[in-house]
Amino acid sequence: MGINQTTDEAWMRHAIRLAQRAEQQGEVPVGAIVVRDNRCIAEGWNIPITSHDPTAHAEVVAMRGAGVHVQNYRLNDATLYVTLEPCVMCIGAMSHARIKRLVFGAYDPKRGAVCNALSLTDAPFLNHRISWDGGVLETECSEMLRDFFKARR
């Protein structure tokens, strides 16, 4: 196992713990962290239901915290880890924030905007490119989401 893979898995485990917090609050279990210089500078989990805010996806919550932490809306040289492939809104926010790298767990075939429903990380109309790696701890991330939705049906 390479050093990057080991590091990515460790950070993804942190994001999974945050996703469990979302689930405890009745939210879809998605967790995210922003890492810069090998330090977690912010974290978040889905809270759109409890906060009455449709933009309160885990990624956006984490980026808001990171912006406050660095006192800048640009998050240059940061990596965002999230348990689910981001949606259109979140990819747009990551591009505006200048996230350098994205690492996600579960793929989202219906709404994923990285490499499934859309491929926005390569969109010519965005002036920032985000490198990405998907499928990190994919089984754990996918099972958590599958179990959540199965229990709600």
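Residues numbered from 1 in each chain as written. Predicted model: local features only at pLDDT ≥ 70, side-chain atom pairs only at ≥ 80, totals over all residues. Heavy atoms only, no water.

As annotated in an unreviewed UniProt entry, the protein carries the name tRNA-specific adenosine deaminase and is attributed to Methylobacter tundripaludum.

A. Summary view of the overall build of the protein. For the protein, the helix and strand inventory stands at five helices and five strands. Each helix and strand of the protein, ordered N terminal to C terminal, gives the series α-β-β-α-α-β-α-β-β-α. Computed over the C-alpha atoms, the radius of gyration of the protein is 14 Å, within 12% of the 15 Å expected from 2.2 N^0.38 for a compact globule of 153 residues. Looking at the protein residue by residue over its 153 residues, the buried ones come to 48%. (Helix = DSSP H or I, 4+ residues; strand = E, 2+ residues; numbered from the N terminus. Rg over C-alpha atoms; globule rule 2.2 N^0.38 Å. Buried < 20%, exposed > 50% of the residue type's maximum accessible area, 1.4 Å probe, protein only.)

B. The arrangement of the UniProt feature "binding site: Zn(2+)" (unreviewed entry) in the protein in detail. According to UniProt, the positions carrying the feature "binding site: Zn(2+)" (unreviewed entry) are H57, C87 and C90. Across 34 residues, the annotated set stays spatially compact, with a maximum C-alpha separation of 9.3 Å. Those annotated residues from the list above that line the largest pocket are H57, C87 and C90. Relative to the assigned elements, H57 resides in the loop between α2 (48–51) and α3 (58–70). With a relative accessible area of 22%, H57 lands in the partly exposed category. If we ignore the near neighbours within four places in the chain, the residues touching H57 are N46, C87, M89 and C90. If we ignore the near neighbours within four places in the chain, the residues touching C87 are H57, R111 and A113. (UniProt positions renumbered as here; feature names shortened; annotations may be inferred. 1 Å grid on protein atoms, 1.4 Å probe; cavity = no way out; pocket = protein on both sides within 12 Å on 5 of 7 lines; lining within 4 Å. Contact = heavy atoms within 4.5 Å.)

C. Quick look at the sheet that holds strand β3 (residues 79–84). Taken in spatial order, the five strands line up as β2-β1-β3-β4-β5 in an open sheet, and their pairing is mixed. Across the chains shown, the open sheet's two edge strands, defined by having one partner strand only, are β2 (39–45) and β5 (131–133). Between one strand axis and the next, the sheet turns through 20 degrees on average, direction left out of account. When strand β1 (residues 31–36) meets β2, the two strands line up antiparallel, connected through six bridges. Bridged to R36 within β2 is R39. Along the sheet face, α3 touches β1, β2 and β3 and points at about 140 degrees away from the line of β2. (Pairing = 2+ DSSP bridges. Axes fitted to C-alpha atoms, helices over the stretch in contact; angles between N-to-C directions.)

D. Inspection of the nonpolar core at higher detail. Residues M12, V34, M63, L80, M94, I99 and L102 are the most contacted members of the largest nonpolar core, which totals 47 residues. Elements with a minimum of two residues in this core: α1 (3–24), β1, β2, α3, β3, α4 (88–97), β4 (101–106) and α5 (138–152). (Core = buried A, V, L, I, M, F, W, Y, C linked by side-chain atoms within 4.5 Å.)

E. Quick look at the pattern of salt bridges. Within this structure, the stated rule accounts for six salt bridges. We note a salt bridge from E140 to R13, for which the minimum N-O separation is 3.9 Å. Of this pair, E140 sits in helix α5 while R13 is found in helix α1, placing the two residues 127 residues apart along the sequence. By relative accessible area, which is 35% here, E140 ends up partly exposed. A salt bridge links R64 to D53, with the shortest nitrogen-to-oxygen separation between them at 3.5 Å. In this pair, R64 is assigned in helix α3 and D53 in the loop between α2 and α3, connecting sequence segments eleven residues apart. Here R64 falls in the partly exposed class, since its relative accessible area comes to 43%. (Salt bridge = Lys/Arg side-chain N within 4 Å of Asp/Glu carboxyl O.)

F. Just the UniProt feature "active site" (unreviewed entry) in the protein, in detail. Taking the numbering used here, the UniProt-annotated feature "active site" (unreviewed entry) corresponds to E59. By the element assignment, E59 lies in helix α3. The residues touching E59, leaving out its near neighbours within four places in the chain, are A32, L80, V82, L84, P86, C90 and M94.

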